[in-house]
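# Examining the three-dimensional arrangement
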Amino acid sequence: MDISHESLHGQDITILGPYRPWRYHKEQGGDGSNYPIHSGRILDLKDSKAAGLDYFCSYISPRIARYPVVAAVPSHDPAKTSSGIRALADRLEVAVVCKNVSEALVRHTKIQKLAEGGNRSVDVHLGSIAVESGDLIAGHRVLLLDDVMTTGNSLLACRQLLLAAGAGEVKCVALGRTTY
């Protein structure tokens, strides 16, 4: 993995590798034979396929001992309570005996899907996500996961909400950073 760290608004986000959207890859003449492996595993994860879940769980699990609590950024749609990133948090809970508290981060208002041009501001996320059951994260170091980061604002908003709810520390990790 091509790990990097990015500072957004003074907050460090760990990025596990670049993510090249399939649509863009095809528009540039690419096909399945030359699609980047890391990007393919992210797509597998988004579809909750074992190849993606295994790939990221095996990489993350030996590296998160400092974080007894893991959470995933919620979907843009409150009705979508299951996702690949939440399935990864479930896998990590079993693999490293940490607590998955993804249910504590709740999207209460649907927003336009970000991949389709939705507003990516931190304020949109702050206004549409809440922390429920803050006792699950109070005083804990939390590993916050997102599948694909374009602006990082969903991670930053969730981090801010978790800290306001009493988390002791929040480490942001994006499985991929959108590249074109």
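Each residue is numbered by its place in its chain's sequence as written, counting from 1. Local features in a predicted model are, by the rule used here, given only for residues with pLDDT of at least 70; side-chain atom pairs are given and counted only at 80 or more, and totals for whole chains, interfaces and linings are based on all residues. As a rule here, side-chain values cover all heavy atoms of the structure and leave hydrogens and water aside.

## Some points on the packing of helix α2 (residues 37–46) against helix α3 (residues 50–60)
Helix packing for two helices is described by the angle between their axes and how far apart those axes are. Axis definition: a line fit to C-alpha positions, over the contact stretch in the case of helices; interaxial angles, taken between N-to-C directions, run 0 to 180 degrees. Helix numbers and strand numbers start at the N terminus; a helix is a DSSP run of H or I with at least 4 residues, a strand a run of E with at least 2. In contact at an axis separation of 6 Å, α2 and α3 are set at 115° when each is read in the N-to-C sense. In this view, α2 runs roughly perpendicular relative to α3, as classed from their interaxial angle. Here the hand of the crossing between α2 and α3 comes out left-handed. Where α2 abuts α3, its residues H38, R41, I42, D44 and L45 lie against A51, G52, L53, Y55 and F56. Orientation is classified from the angle alone, with under 35 degrees giving roughly parallel, over 145 giving roughly antiparallel, 65 to 115 giving roughly perpendicular, and any other angle giving oblique. Two helices cross in a left-handed way if the nearer one is turned anticlockwise from the farther one by less than a right angle. They cross in a right-handed way if the turn is clockwise. By the convention used here, residues are in contact when the closest approach between their heavy atoms is within 4.5 Å.

## What to know about the nonpolar core
One recurring pattern in soluble globular proteins: nonpolar side chains tend to sit buried together. By size, the foremost hydrophobic cluster in this structure holds 25 residues, and its most contacted members are F56, I60, L88, L92, L143, L145 and L175. Mapped by element, the contributors of at least two residues to this core are α2, α3, β4 (69–72), α4 (84–96), β8 (141–149) and β9 (169–178). The residues contacting L175, other than those within four sequence positions of it, are L16, G17, H38, I42, L45, F56, I60, I85, L88, D146 and D147. Residues V69, L144, C158 and L161 belong to the second largest nonpolar core, which totals 23 residues. For the purposes of this section, nonpolar cores are sets of buried Ala, Val, Leu, Ile, Met, Phe, Trp, Tyr and Cys residues that join through side-chain atoms within 4.5 Å. Any residue under 20% of the maximum accessible area for its type is buried, any over 50% is exposed, and the rest in between are partly exposed; the area is computed with a 1.4 Å probe on protein chains only.

## Some points on the pairing of β9
Among the 10 residues in β9, 8 count as buried, and that is most of the element. A pair of strands is labelled paired if DSSP reports no fewer than 2 bridges between them. Across 3 bridges, the pairing between strand β2 (residues 11–15) and β9 is parallel. Its bridge partner being in β9, I15 is matched across the sheet by A174. Bridge count for β8 against β9 is 8 bridges, and the pairing is parallel.

## Structural notes on α2
Residues H38, S39, G40, I42, D44 and L45 constitute the buried set of α2. Contacts from the buried residues of α2 go to β3 (18–19), α3, α4, β8 and β9. A positive phi of about 55° marks S48, the residue just after α2.

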